[in-house]
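# Architecture and fold: a report
The chain contents come next:
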Amino acid sequence: MASAGGGPRGSVRPERHVQTGRGGNGGSSSTRTKSAPPKRPSSSSAKSSIDSDNAADAIRVRVAVRLRPKNNEDFIEDGDFTSCVELQPEAKKLRLKKNNWSSELYKFDEVFTEGASQRRIYEAVAKPVVESVLEGYNGTVMAYGQTGTGKTYTMGRLGKDDPSERGIMVRALEDILASISSLTDYVAISYLQLYLESLQDLLAPDKVNIPIVEDPKSGDVSLPGAAVVELRDIDHFNELLQFGEANRYAANTKLNTESSRSHAILVVHVQRSVKVKDENEGASVVSSMDDLLAASNHVPIVLKSKLLIVDLAGSERIDKSGSVEGPMLEEAKFINLSLTSLGKCINALAENSPYIPTRDSKLTRLLRDSFGGTARTSLIITIGPSARYYSETSSTILFGQRAMKIVNTVKLKEEVDYESLYKKLECQVDSLTSELERIQKIRQDEKAKIERKLRKQEESLAETKRTFTTKCENLEKENDCMTMEIKKLMEELNDERDQNKILSGRIVEMEMSLSQNKQQQLENSTYKKALSDSTQMYEDRIKALLEQVEKEQARCAYLELEMHGARQVVANNENSSKMQENSKVNELQKELRKLKEESSNEIQHLEAKNSELLSEKDLIYEELKSMQEKVMQEAKHRRSLEDEILKLKKVLSENSALQLERGTSMLRTTSGVGGGAIYLPRTGKSRDTIPNQKDTISKIFEEVGLSNILALLKSEDLDVQIHAVKVVANLAAEDINQERIVEEGGLDALLSLLETSENTTIHRVTAGALANLAMNGSNQGLIMNKGGARLLANVANKNDDPQTLRMVAGAIANLCGNEKLHVKLKEDGGIKALVGMVRSGHADVIAQIARGIANFAKCESRAISQGHRKGRSLLMDDGALKWMVTSPTTFSASTRRHIELAFCHLSQNEENTRDIITSGGIKELVRISQESTRDDIRILAKKALNSNPAFLREIQ
């Protein structure tokens, strides 16, 4: 907070600030302001090496608002108009409703709903400030709001029972301790409370009335007498924080059972050692005093920064809190008095008043550097939803709105460590003196050794040639053997493919048998009808034969009658024609016998044929009955198969609306920038359907089984295959399913499908499934070892569908987040394919490409800074740098941030300097340092420009 009598603060122009030592015995520092650009340092002056010109940037105070969930009291006492706050987190706006027809709209930097996690709040509000503190700038994170709205929960929650509930204090110290070196860096804390306008030490309770001292020149605030404890690790900090919280004053009020009755201030002191190098590095041997002075330009710099984390006591009305008498009344008076003084200072700064009343309260004196000063400040205001506290909520929101108008001028806090510089130079003089004496003797010895080595090398070269010839012959033999083995493996592969074809043929035969069963059933009904018609025909024929027998019998009776008449005629004419009659009778008898024999034979034949037809009919009926039973069994089996297939298709069709993607948000990111799940639902369904979808997935496990689902990936039916891949992709989106999918061979099946299938939908969904699996670090190595990056690169080169390219780019982007796989990823063509997908021009594809390159560059930069890797970046040979330099500014904000972040990380590596200069990247780096929408990216770009002498020469 600016001192009283300061100038206007509405718009602050950046100034150049440099800290140098005062000389003498001590290592103290002073700050001076330079209006003109610095001169190039001279080799004859050691002190001029500090002229690195750390820019002072004007940064506005960032304000976020957090809404407390409703408690039981809110549900019981509120009426119809239950909530006075309406949040619009997407637009970062808040609507304050006085009643059902009157409201006001306010805009903040961040708006958090009642369900926002502690981690999200820390990353949005406090983490940028913590990162600035680690880079040498002062920072402040402060919570302000009504009593009982969650300030202490947001700031000082320890999270013993649930680590996810850790507050800003614990998370900030975790990041700081993880980012420093225990050998060269230093972190210490002081924990204080302002109670009844008395500054007390929470880590040393016997220390009270600690004075506040202000430096009249620099304006810095110090607290002599306060305990400063150096931290060993995060467990040590948790013990100190728990001890301090136990000493803090708290009371039970109507608004909060554990209401804080004092303002708590956690002061974190961070000291980091850095090394500033001169533009012209000296030779390895120092031969003169000028060279010695040039070597002294490598001065050690110490960054000293301070982080304030302030948990203010809640503003309250005495009649509502119940603090109407005794100590609680005095506590409430002093709390409201200090908060009123803070509000006056905020109002004066927001209105550019020439006078700032910082001395009205100890709280405003402590926060002098936080508002209108040189610290980077983030303020989170906490509010409640109840309409009963409309006036308190309105006052809190207006406080945040006024704070957003304040602009601070952040300055880098650095000092020269002359003591270590003197020791270093003394050691260098001694070592170089002895080195000069030693080198003269060594040169003669080395000359003799080199001659001997030359002779040995000539002999070794001849031997190597002979050995090389022998190895070439052996390699040719091994090559022949490998060729034979490859042929055998190809034959085995062909055999396996033939077996797969046979299995596919069997499946086709089963489907054909189903259709044949249907046809056979129809044929059986036709056969039954034909049998009944044949039976009726035979019965009609038997009936006709019986009628014919009756006719023959009637004919026989007629012949007997005729014979009887003939006998009478013979008897009458016996005398006249006895011989003729006898012959005629004989003939008639013969004819009669013959007719009887023919009739009897015909009757026997017909009876035998009838019996034969009856037996044949019985056999046909038995055969028909067995055939009917067989058809019924076949139909029953067919119906069961059809029901199972229909059931599976129904389950799969319910999930067919789930689409695949790997956005910037993702979501989960395993590593790198923005990492997270690429396969997300994009349907019009509400979130209420997500549990139903999960139930559907569990039903697939229970009824079908994962092995059966994976088997469907090899189905000849394209629709079944697509649905099966979608189910696997949905399962892969859950961490608990990924290990089982890999163990059951799902990864191998997906890679095989990606290699063999020519269908665009299969490619898109399979790439999404691989992207989900690639979110797990252990799966990333398996995917790379099985050639997953090569297959994804082939799909990207052969396909122009934007959605497919988006999934492929998302999968490769997840793999880019693992630094150990970078070389393999480049060898398999993954980086080249990722950059090549720029040809699509689709916004979603470009976003995934930018995220992947940012992941790659960030992991590579971290590996180089940790000493795990050296040399030029792997991104330089595949056109990634040229695309980042020439990329249009019409991309979305998140895409531009990823490109800018990747370019800044590449600029940190000195081995990339020549490529960046030749590609025209200096202009882009300067543009990022001036126009980027992210403060941390601008600072990173400025750091890259200032730390590289070649960049500075190009700019000048």
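As the structure is a computational prediction, the values presented were derived from the model and not from experiment.

### Quick look at a negative patch on the surface
A grouping of Glu491, Glu492, Asp495, Glu496 and Asp498 is seen on the molecular surface, where their side chains present a negatively charged patch. Its place among the elements puts glutamate 492 in helix H11 (residues 418–572).

### So, the pattern of salt bridges
Side-chain pairs of opposite charge can arise whenever the charged atoms involved come near each other. Considering all chains together, one arrives at 28 salt bridges under this definition. Between aspartate 185 and arginine 272 there is a salt bridge, with its nearest N and O atoms 3.7 Å apart. Of this pair, aspartate 185 sits in the loop between helix H4 (168–179) and strand S11 (186–195) while arginine 272 sits in strand S18 (residues 263–276), and the two are 87 residues apart along the sequence. One salt bridge connects lysine 824 with aspartate 828, and the closest N-O pair in it is separated by 3.7 Å. Note on lysine 824: relative accessible area 35%, which makes it partly exposed. Accessibility expressed as a relative area gives 18% for aspartate 828, which makes it buried. Connected via shared salt-bridge partners are Glu214, Arg359, Arg365 and Arg368.

### As for empty space enclosed by the protein
Empty space among the atoms becomes apparent when a probe as large as a water molecule is rolled across them. What the rule picks out here adds up to 6 cavities of 30 Å³ or more. Approximately 60 Å³ is the volume found for the largest cavity. If you trace the largest cavity, you find it lined by Leu194, Tyr195, Leu196, Glu197, Arg261, His263, Glu331, Phe334, Ile335 and Ser338. For the lining of the largest cavity, the secondary-structure elements that each account for two or more residues are S11 and helix H8 (326–350). It is H8 that provides the largest number of residues to the lining of the largest cavity, a total of 4 residues. By residue class, the composition of the lining of the largest cavity is 5 nonpolar, 2 polar and 3 charged.

### Some remarks on the nonpolar core
Core analysis: the largest hydrophobic core is formed by 85 residues, its most contacted members being Met837, Ile849, Ile853, Trp883 and Met884. The leading source of residues in this core is helix H15 (residues 718–732), at 9 residues. Core analysis: the next-biggest nonpolar cluster, separate from the first, contains 47 residues, Ala226, Val267, Ile346 and Met404 among them.

### Topic: the packing of aromatic side chains
Counting across every chain of the model gives 3 aromatic pairs. Ring centres 3.8 Å apart and planes at 5 degrees place the aromatic pair tyrosine 195 and tyrosine 249 in the stacked group. You can see tyrosine 195 sitting in strand S11 and its partner tyrosine 249 sitting in the loop between helix H5 (234–247) and strand S16 (250–251), a full 54 residues away along the chain. Owing to a relative accessible area of 35%, tyrosine 249 belongs among the partly exposed residues under this scheme. Ring centres of tryptophan 883 and phenylalanine 891 lie 6.4 Å apart, and the angle between their planes is 40 degrees; this geometry places the pair in the tilted category. Accessibility expressed as a relative area gives 10% for tryptophan 883, which makes it buried. Judged by relative accessible area, which is 19%, phenylalanine 891 ranks as buried.

### Looking at the packing of H4 against H5
Put simply, H4 and H5 touch, their axes get as near as 10 Å, and they point 150 degrees apart. Comparing the axis directions of H4 and H5 gives the class roughly antiparallel. Classified by chirality, the crossing of H5 by H4 is right-handed. On H5, the residues that touch Met169, Val170, Leu173, Glu174 and Leu177 of H4 are Ile234, Phe237, Asn238 and Leu241. Partitioning the contact of H4 with H5 into residue classes produces 7 nonpolar, 1 polar and 1 charged.

### Some remarks on the side chain of serine 190
With respect to the element layout, serine 190 can be found in strand S11. A polar side-chain atom of serine 190 sits 2.8 Å from the main-chain carbonyl oxygen of alanine 227. The contact partners of serine 190, leaving out residues within four places of it in the chain, are Ala227, Val228, Ile265, Leu266, Val267 and His269.

### Here's the deal with a positive patch on the surface
On the surface, Lys449, Arg452, Lys453, Arg455 and Lys456 cluster together to form a positively charged patch. The residue lysine 456 is located in helix H11 in this model. Using a relative accessible area of 58% as the deciding quantity, one classes lysine 456 as exposed.

### What about the confidence of the model for the protein chain?
Mean pLDDT over the protein chain: 79, with 79% of residues reaching 70 or higher. Confidence over residues 292–296 falls short of pLDDT 50; this stretch has 9 contacts with residues more than four positions distant or in other chains. The low-confidence segment residues 656–690 (pLDDT under 50) makes 113 contacts with residues lying over four places distant or belonging to another chain.

### Focus on helix H29 (residues 935–947)
The first and last C-alpha atoms of H29 sit 18 Å apart over 13 residues, in line with the 18 Å expected at 1.5 Å per residue. In this fold, the buried residues of H29 make contact with strand S4 (57–60), strand S20 (376–383), helix H26 (893–908), helix H28 (921–931) and helix H30 (949–955).

### As for the side chain of histidine 236
On the secondary structure map, histidine 236 appears in helix H5. A distance of 3.3 Å separates the side chain of histidine 236 from the backbone nitrogen of arginine 232, its partner in a polar contact. If we ignore the near neighbours within four places in the chain, the residues touching histidine 236 are Val229, Glu230 and Leu231.

### Notes on the sheet that holds strand S6 (residues 85–88)
With antiparallel pairing, the 3 strands of this open sheet are ordered in space as S6-S7-S8. Looking at the sheet topology across the chains shown, the edges are occupied by S6 and strand S8 (103–107). Here the strands of the sheet are splayed against their neighbours by 20 degrees on average, with no regard to which way each runs. By the bridge criterion, 4 bridges tie S6 to strand S7 (residues 93–97) in an arrangement that is antiparallel. By the bridge assignment for S7, glutamate 86 is matched with arginine 95. Each of S6, S7 and S8 touches helix H10 (residues 390–403); the most contacted strand, S7, lies at about 150 degrees to it.

### Side note on the pairing of S20
Most of S20 is tucked away: 8 of the 8 residues are buried. Of the two faces of S20, the one holding Arg376, Ser378, Ile380 and Thr382 and the one holding Thr377, Leu379, Ile381 and Ile383 are both buried throughout. Both strand S5 (residues 62–67) and S20 contribute to a ladder of 6 bridges, which runs parallel. Pairing of alanine 64 across the sheet is with isoleucine 380, part of S20. With 7 bridges connecting them, strand S10 (residues 139–145) and S20 associate as parallel partners. For valine 141, the partnering residue across the bridge sits in S20 and is serine 378.

Basis of the calculations
- Residues numbered from 1 in each chain as written.
- Predicted model: local features only at pLDDT ≥ 70, side-chain atom pairs only at ≥ 80, totals over all residues.
- Heavy atoms only, no water.
- Patch = residues over 30% accessible without salt bridge, like charges linked within 9 Å, V, L, I, M, F, W, Y side chains within 5 Å.
- Areas by Shrake-Rupley, 256 points an atom, 1.4 Å probe, with all protein chains shown as cover.
- Salt bridge = Lys/Arg side-chain N within 4 Å of Asp/Glu carboxyl O.
- Lys, Arg positive; Asp, Glu negative; His and termini not counted.
- Charge placed at Lys NZ, Arg CZ, Asp CG, Glu CD.
- Helix = DSSP H or I, 4+ residues; strand = E, 2+ residues; numbered from the N terminus.
- Buried < 20%, exposed > 50% of the residue type's maximum accessible area, 1.4 Å probe, protein only.
- 1 Å grid on protein atoms, 1.4 Å probe; cavity = no way out; pocket = protein on both sides within 12 Å on 5 of 7 lines; lining within 4 Å.
- Points joined across faces, edges and corners; volume = space filled by probe spheres on them.
- Nonpolar A, V, L, I, M, F, W, Y, C, P; charged D, E, K, R; others polar.
- Core = buried A, V, L, I, M, F, W, Y, C linked by side-chain atoms within 4.5 Å.
- Phe/Tyr/Trp six-rings, centres within 6.5 Å; stacked < 30°, edge-to-face > 60°.
- Axes fitted to C-alpha atoms, helices over the stretch in contact; angles between N-to-C directions.
- Parallel < 35°, antiparallel > 145°, perpendicular 65-115°, else oblique.
- Left-handed = near helix turned anticlockwise from the far one by under 90°.
- Contact = heavy atoms within 4.5 Å.
- Polar contact = N/O pair within 3.5 Å; in protein donor to acceptor, adjacent residues only side chain to side chain.
- pLDDT = per-residue confidence, 0-100.
- Expected span 1.5 Å × (residues − 1).
- Pairing = 2+ DSSP bridges.

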